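# Summary of structural features
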Amino acid sequence: MRRMRTLAGRRAVVTGAAGALGRVIVAQLQAEGAAVAGLDLNADALAAVTPGLGEAVDLTDFDAVQRSVGRVVEKWGGVDILVNGAGGGAVSWFHEMTYDTWTTQVDRNLTTVFNVTRAVLPSMLEQRHGRIINIASVAAIGGGRLVRGATAYAAAKAGVVGLTKALAIEVAERGVTVNCIAPGAQATPGRDRDTPERREALLDQIPTRLLGEPGHLAQTIAFLAGPAAVNITGVILPLDGGHSI
Ligand SMILES: NC(=O)c1ccc[n+]([C@@H]2O[C@H](COP(=O)([O-])OP(=O)(O)OC[C@H]3O[C@@H](n4cnc5c(N)ncnc54)[C@H](O)[C@@H]3O)[C@@H](O)[C@H]2O)c1
């Protein structure tokens, strides 16, 4: 059977492209026909994922992001798809948390989404077409015991959820959709470090007893970026085996 290239001719920016999920997302969008520019701090890994089209940049730096995205927009004449995937958590008990840990987590998981979306959106509004897909976390919408020690991360990801809904309304009549995936624990290479006890405890939290497959997450993102999702906006979609129920 021939592969459906539903994103042929589309131009995508993926942040966190060098990460465990980011590189799978990039490969999926490319397989469906999109040109992909990756943005990530990790220049070496990025060069392997999106050769010639990557921008190594600290996404917490507003001015640097405007310059990087500006170069991509200038090269392509616009951007059709933005996947805000950069982020990551750190464990810190709230009663011991430093101001630095708090601001670092909020900057990494929420301010990055503002900086990149702010840079990409004008070109989407101008062309009256755009798909923005944010990656939050089950931590933002539930997930209970699994996210103990993750208050700053959970708060920042909940900010991404709020941003998604508010922006979806703001741009709905201008051809741009804004949606959000809330993944539960994914079967990324980092999980290989889990002890059998930790793995059991994790699976006990997930009704399906399945970790998320990065390939499934990437396919869901490609769906939200594709033609069948034209009338889907403001959705917060948990990919978590029922964890957040
Ligand atoms: N892996 C999971 O189980 C899981 C579950 C829920 C949500 N998520 C979310 O999915 C996203 C991707 O997760 P992952 O597992 O691929 O993590 P990862 O650590 O493998 O990748 C994250 C990438 O983001 C980049 N990044 C972080 N801060 C940056 C900054 N300031 N500027 C530029 N790049 C920056 C890193 O360099 C890295 O390449 C994250 O937002 C994470 O919070 C992951």
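Residues numbered from 1 in each chain as written. Predicted model: local features only at pLDDT ≥ 70, side-chain atom pairs only at ≥ 80, totals over all residues. Heavy atoms only, no water.

## What to know about the site of the ligand
Not every one of the 26 residues close to the ligand is listed here, only the nearest: Ala-20, Leu-21, Asp-40, Tyr-153 and Lys-157. The backbone of Leu-59 places a nitrogen or oxygen atom 2.9 Å from a nitrogen atom of the ligand. Between an oxygen atom of the ligand and a main-chain N or O atom of Gly-85, the distance comes to 3.0 Å. Protein chains shield 81% of the accessible area of the ligand, which is 830 Å² for the free molecule. Of all the secondary-structure elements, those providing two or more residues to the shell around the ligand are helix 1 (20-31) and helix 6 (151-171). When its residues are assigned to classes, the shell around the ligand shows 12 nonpolar, 10 polar and 4 charged. (Near = heavy atom within 4 Å. Polar contact = N/O pair within 3.5 Å; in protein donor to acceptor, adjacent residues only side chain to side chain. Areas by Shrake-Rupley, 256 points an atom, 1.4 Å probe, with all protein chains shown as cover. Helix = DSSP H or I, 4+ residues; strand = E, 2+ residues; numbered from the N terminus. Nonpolar A, V, L, I, M, F, W, Y, C, P; charged D, E, K, R; others polar.)

## Side note on a nonpolar patch on the surface
Together, Phe-94, Tyr-99 and Trp-102 make up an exposed nonpolar region whose accessible area comes to about 410 Å². Turning to its location among the elements, Tyr-99 is positioned in helix 4 (residues 99-127). Tyr-99 gets classed as exposed once you look at its relative accessible area, which sits at 67%. (Patch = residues over 30% accessible without salt bridge, like charges linked within 9 Å, V, L, I, M, F, W, Y side chains within 5 Å. Salt bridge = Lys/Arg side-chain N within 4 Å of Asp/Glu carboxyl O. Buried < 20%, exposed > 50% of the residue type's maximum accessible area, 1.4 Å probe, protein only.)

## Concerning the packing of helix 4 against helix 6
Close contact between helix 4 and helix 6 brings their axes to 8 Å; oriented N to C, the two are set at 20 degrees. Taken together, helix 4 and helix 6 sit at an angle that is classed as roughly parallel. Viewed along their axes, helix 4 and helix 6 form a crossing whose handedness is right-handed. The segment helix 4 lies against helix 6, with Trp-102, Gln-105, Val-106, Asn-109, Leu-110, Val-113, Thr-117, Leu-121 and Leu-125 engaging Thr-151, Ala-152, Tyr-153, Ala-155, Ala-156, Lys-157, Gly-159, Val-160, Leu-163, Leu-167 and Val-171. Its residues placed into classes, the contact of helix 4 with helix 6 shows 14 nonpolar, 5 polar and 1 charged. (Axes fitted to C-alpha atoms, helices over the stretch in contact; angles between N-to-C directions. Parallel < 35°, antiparallel > 145°, perpendicular 65-115°, else oblique. Left-handed = near helix turned anticlockwise from the far one by under 90°. Contact = heavy atoms within 4.5 Å.)

## Some thoughts on the packing of aromatic side chains
Per the stated rule, a full pass over the model turns up 1 aromatic pair. For the ring pair Phe-62 and Phe-114, a centre distance of 5.9 Å and an interplane angle of 15 degrees mean the geometry is stacked. Note that Phe-62 is positioned in helix 3 (residues 62-76) and Phe-114 in helix 4, a separation of 52 residues in sequence. Its relative accessible area of 42% is what places Phe-114 among the partly exposed residues. (Phe/Tyr/Trp six-rings, centres within 6.5 Å; stacked < 30°, edge-to-face > 60°.)

## What to know about the side chain of Thr-50
By secondary structure assignment, the location of Thr-50 is in the loop between helix 2 (43-49) and strand 3 (55-56). Non-local contacts of Thr-50, meaning those with residues more than four positions away in its chain, are made with Val-26, Gln-30, Val-36, Ala-37 and Gly-38.

## Notes on the side chain of Asn-109
Residue position: Asn-109 is located in helix 4. Note on Asn-109: relative accessible area 1%, which makes it buried. Within the local environment of Asn-109, its side chain forms a polar contact with the backbone oxygen of Gly-88, the two atoms lying 2.9 Å apart. A polar atom in the side chain of Asn-109 sits 3.4 Å from the side chain of Lys-157. The residues contacting Asn-109, other than those within four sequence positions of it, are Gly-87, Gly-88, Tyr-153, Ala-156, Lys-157 and Val-160.

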